[in-house]
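# Secondary and tertiary structure notes
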Amino acid sequence: MSRLTEQIQKGRILVSDGAWGTFLHKKGLKPGECPELWNVERSGDIFDIARSYVEAGADMIETNSFGGNRFKLANYGLEDKVYELNKSAAEISRRAAGSEIFVLGSVGPTGKMLITEEVTTDELYEAFKEQSIALEAGGADAIVIETMTDLEEARIAVKAASENTSCEVICTMTFDKDPGTGFHTMMGVSPGEMTQTLVEAGASVIGANCGNGIADMIDIVKEIRQFNSDIPVLIHANAGMPVYSNGETTFPESPSFMAGRVKEIIEAGTNIIGGCCGTTPEHIAKIRRVVRSL
Ligand SMILES: [Zn+2]
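Residues numbered from 1 in each chain as written. Predicted model: local features only at pLDDT ≥ 70, side-chain atom pairs only at ≥ 80, totals over all residues. Heavy atoms only, no water.

Taken as a whole and judged by the stated rule, the model has one aromatic pair. One residue, K26, lies across the ring of F23, its end atom 5.4 Å from the ring centre. Over the face of the ring belonging to W38 we find R42, whose NZ or CZ atom lies 3.9 Å from the ring centre. (Phe/Tyr/Trp six-rings, centres within 6.5 Å; stacked < 30°, edge-to-face > 60°. Lys NZ or Arg CZ within 6 Å of the ring centre and 35° of its normal.)

A few words on the coordination of the zinc ion. For the zinc ion, every protein donor is listed as C210 (SG), C276 (SG) and C277 (SG), and the spread of their distances is 2.2 Å. Within one chain, the residues serving as donors to the zinc ion are arranged as C-x65-C-C. Of this pair, C210 sits in the loop between β8 (205-209) and α10 (214-227) while C277 sits in the loop between β12 (272-275) and α13 (281-293); the two residues are 67 residues apart in sequence, bridging distant segments of the chain. (Donors = N, O, S within 2.8 Å, 3.2 Å for Na, K, Ca; no water. Helix = DSSP H or I, 4+ residues; strand = E, 2+ residues; numbered from the N terminus.)

This brings us to α10. Compared with an ideal rise of 1.5 Å per residue, which puts 14 residues at 20 Å, α10 spans 21 Å between its outermost C-alpha atoms and is within 8% of the ideal. All of the buried residues along α10 are I214, M217, I218, I220, V221, I224 and R225. All buried residues of α10 fall inside an arc of 165° around its axis, so they share one side. (Expected span 1.5 Å × (residues − 1). Buried < 20%, exposed > 50% of the residue type's maximum accessible area, 1.4 Å probe, protein only. Arc of directions from axis to C-beta.)

Time to look at the pairing of strand β5 (residues 168-173). Counting buried positions along β5 gives six out of six residues, so the element sits mostly inside the fold. A two-sided burial pattern is seen for β5, the buried positions comprising E168, I170 and T172 on one face and V169, C171 and M173 on the other. With five bridges connecting them, strand β4 (residues 142-148) and β5 associate as parallel partners. Directly across from A142, in β5, lies its bridge partner E168. Note: β5 against β8, four bridges, orientation parallel. Opposite M173, over in β8, you have A208 as the bridge partner. (Pairing = 2+ DSSP bridges.)

Backbone geometry places T147, a non-glycine residue, at a positive phi of 60°. By secondary structure assignment, the location of T147 is in strand β4.

Further remarks concern the pairing of β12. On β12, burial covers both faces: I272 and G274 on one face and I273 and G275 on the other are all buried. Across two bridges, the pairing between strand β1 (residues 14-15) and β12 is parallel. Within β12, the residue paired with V15 across the bridge is I273. Looking at chain direction, strand β9 (residues 233-237) and β12 are connected through four bridges and run parallel. Along β12, the bridge assignment pairs A237 with G275.

For helix α6 (residues 82-97), spanning 16 residues, the distance from its first C-alpha to its last is 22 Å, which sits close to the expected 22 Å at 1.5 Å a residue. Regarding α6, the residues found buried are V82, L85, N86, S88, A89, A90, I92, S93, A96 and A97. The inward-facing, buried residues of α6 contact α3 (38-41), α4 (43-55), β2 (60-62), α5 (70-74), β3 (102-107) and α7 (121-137). A positive backbone phi angle near 65° is found at G98, which sits one or two residues after α6. (Contact = heavy atoms within 4.5 Å.)

What follows deals with the state of the cysteines. Among covalent bonds in proteins, the disulfide is the one between the sulfur atoms of two cysteines. Counted under the stated rule, the structure contains zero disulfides. Looking at the unpaired C34, the closest cysteine sulfur is the one in C277, lying at 17 Å. (Disulfide = S-S within 2.5 Å.)

These values are about where atoms sit, not about what they do.
Quick look at the structure:
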């Protein structure tokens, strides 16, 4: 199978998968429970999630390894299980994907801050290296570093994944919209700054995930495209901003609503479109239908 970016160079628009976290909670993951432990203890449930996105028509699915770095796993006393939990995560998604669908090994932030010196750049590099190697060993085609807010952490993760695996490396950051100053991550990074730094660091695909519904993601893509017209762009949009009421979180954007903006986000320069928090296989199936019709 040709690699992700080759497909994009042929002019294909690709569809990614939807939320995993929301899905895990629906399946009974309790607050305070380690999601990655389910890769070995409830692998059937993880397989179901992966499979449901394959059946929805996604061209690629992620792995249940977002918090699978040693720092996050240490919160559960599982820092010695990085290899096992990440390899299992990739194996489950690989099994669900078969040979035609890409598997993206999910890598999230460590939760440790470089600016407060609670972690060094070497420690971050080692953590991302260890996780990426395990995801590749389990069968991941690409590594997707996501929900990043610190540009330096993102850059180190891209380097660690690309220098230690033969996977393609995707990196997406999470932006918040400020009516006065526009889009920035929690750590103050703009889409333009991200683009320059991550392309230089060697990312094959960049973009944004989480934090925004599809309308604001269209504006983020336009901003990225002002700085770089070639780099493939991946967007994982939330199903809108979460609404909390009566102890429950819901997401306002329906599958039809999101699908209704897909043409526009592709015209803005998106190459891969999928969902983040609140999106479901139904969202992905509707997005698939629009992409197929274009
Ligand atoms: Zn999200």
